[in-house]
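Examination of the molecular architecture
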Amino acid sequence: MAKTASDTKAKHAAKDAAGGQGEVKKSKAAVRKAKGTGGKGGSGKKAAKAEMKAAAIAAAEKAARPDALGTAARTTAENPPQEEDLAVATVRKVAMEGAKTRSEHDLLGDGEVPADALWGIHTKRAVANFPITGVSVGHYPELVRALALVKQAAARSNHRLGYLPKGKAKIIEEACTLVATDPIYGESFVVDAIQGGAGTSTNMNANEVIANVGLRLMGRAPGDYAALHPNDDVNMAQSTNDAYPTAVRLAVIFATQPLVKALDDLAYAFKSKAVEFADVLKMGRTQLQDAVPMTLGQEFDGFHATIKEDVARLTEIVGLFREVNLGATAIGTGINADPRYAALAVEELSRLSGQPMVLASNLIEATSDLGAFVLFSGVLKRVAVKLSKICNDLRLLSSGPRTGFGEIRLPAVQAGSSIMPGKVNPVIPEVVNQVAYMVIGHDLTVTLCAEGGQLQLNAFEPTIGYCVLSSLRMLTAAIDTLTKRCIDGIEADRERCRSLVQGSIGLVTALAPTLGYEASSRIARRALKENRAVADLVLEEGLLTEAQLNGLLELEAMTHPTRRQKAGTVV
């Protein structure tokens, strides 16, 4: 949330140090370059000065950010990272007592806000009203970016239509660019992701942050809304009911891209193992009982194929979110917006986001219906179910290592027990299982929220956004972890696999076309009762010669369709 009193002091120092040295030096270089290309007093020089001011503000914000790990964990020349940087989650609170504040006013009256906070009175009330999950909107950088782009598209459109003066439009654009591109501003999106009001608190939070960033760019103090107003200017021609749903949809599009890449990487890892294990003969199993021989490569190739299917489905279904209701305002009638605004706003949003967004054909329907989220969440559930099943298989195949299947070895990533020395657990597949269960639960929540909407608006979209964006984030992280810390390092126990095949009565299935069902069943019963190998019994009974038996039990013959000697013609 906002900075404490000590953070405020740090920020002022940062403005003198970081703002006056590092970033500003870069901007001075930009000014010199502008002088050379833009002429005296040209627009290039003005742009460079604006860039210098924005860079100084951004540097000050970064310098004021608290060190979540403490000074002992900072990466310095004396204390370099050992392996990789670790991200540690922290919970921060605003210390209002003794802090310098500013007074703001809303419908309910006056209230005090930390003087340097980029959020305002509406955000403060929302934080007090919704201490629900402890997960703020800023936890989802895709949503922060999408909110900023929606506001930027609106400002451009309102300026093109003549409603927003050029100066204000330019400042809002610059502020939106900073918010969309610099993670430091995500820390000012402090309202809880789950909230009442259909996302109003998130929209107000965004309006206030963008307005106050803009005020700083203008050289004014946060809260000086007479110069740039969160609602009248930043929120012009918008309602929460069109700006927020549009941002959530765009955020889902952004967040799906890394998930698709993670799935592609996982599929490639499975394919690589399929090639590596192509000659490893093993027993296939159905209902946890011996079935027929296969190769370990075929098993992993099946994993590859099922993951690639989900990549195709995700890419297809996410396209539903390209249809948005931006310009619908309150309920879809477009009240308080120019009739030309909706089309312009969506056009600008497409240009800014790099995504081909389209305006919904019926804005009334688009404002109240959340069917796209139900369908998309169902695809995420499908991904989760498949991943969990694969992880169950990996845990079974690696079980033991001596008293279970033991056909593969998973990479050992940590000690498995505080009491049993030498024990190593399949912790990576286990964590993916748990993520899958969370995603499946989120899908049910999305379904209930979509059904629970009433009349012209669904008030439960914040929870839908929370569930879908959380599922996307967790799945992406879990899949990356599975690929890098598990699949890439899997090894096959070739001898174990072959010995299980040789000792299994499942071999008799490969002989059934030649021996017949009755003889094969007799051999299987004897093998099980006498604890003997199928091949030995077949030779003992003189049913096949050794050469015939070896031919029928070759890897290729057992793991791929084979033609009978007296096959008929296909008709």
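Time to look at the overall build of the protein. Tallying secondary structure elements over the protein gives 21 helices and eight strands in all. Residue burial in the protein is summarised as follows: out of 571 residues, 47% are buried. Within the protein, contacts between residues at least 6 apart in sequence are counted, and of these 72% link residues at least 24 apart. Accessible surface, the protein: about 28300 Å² in total, of which carbon and sulfur atoms supply 55%.

At 3.6 residues per turn, the α-helix brings residues three or four places apart onto the same side. In this model helix α9 (residues 240-276) runs 54 Å from its N-terminal to its C-terminal C-alpha over 37 residues, within 8% of the 54 Å that 1.5 Å per residue would give. Most of α9 sits out of view: 27 of its 37 residues are buried. Its side-chain oxygen 3.0 Å from the backbone nitrogen of N241, S239 forms the N-cap of α9.

Glancing now at a nonpolar patch on the surface. Nonpolar side chains collect at one region of the surface, where V385, Y437 and I440 lie side by side and expose about 270 Å² of accessible area between them. Mapped onto the elements of the fold, I440 is located in helix α14 (residues 427-451). Accessibility expressed as a relative area gives 32% for I440, which makes it partly exposed.

All right, on to the confidence of the model for the protein then. Chain-level pLDDT for the protein is 86 on average; 81% of the residues reach the 70-or-more range. This stretch, residues 1-43, has a pLDDT under 50; its non-local contacts, to residues over four places away or in other chains, come to 60 contacts. Taken together, the stretch residues 64-82 has pLDDT below 50 and engages in 20 contacts with residues farther than four places along the chain or on a different chain.

Let's shift gears to helix α17 (residues 508-515). Taken together, the buried positions of α17 are V508, L511 and L515. Buried residues of α17, seen end-on, are gathered within an arc of 60 degrees and therefore sit on one face of the element. For α17, the secondary structure elements touched by its buried residues are α18 (517-530), α19 (534-540) and α20 (546-552). Just beyond α17, the residue with positive phi is G516, at close to 95 degrees.

Cut-off values and rules
Residues numbered from 1 in each chain as written. Predicted model: local features only at pLDDT ≥ 70, side-chain atom pairs only at ≥ 80, totals over all residues. Heavy atoms only, no water. Helix = DSSP H or I, 4+ residues; strand = E, 2+ residues; numbered from the N terminus. Buried < 20%, exposed > 50% of the residue type's maximum accessible area, 1.4 Å probe, protein only. Contact = heavy atoms within 4.5 Å. Areas by Shrake-Rupley, 256 points an atom, 1.4 Å probe, with all protein chains shown as cover. Expected span 1.5 Å × (residues − 1). Polar contact = N/O pair within 3.5 Å; in protein donor to acceptor, adjacent residues only side chain to side chain. Patch = residues over 30% accessible without salt bridge, like charges linked within 9 Å, V, L, I, M, F, W, Y side chains within 5 Å. Salt bridge = Lys/Arg side-chain N within 4 Å of Asp/Glu carboxyl O. pLDDT = per-residue confidence, 0-100. Arc of directions from axis to C-beta.

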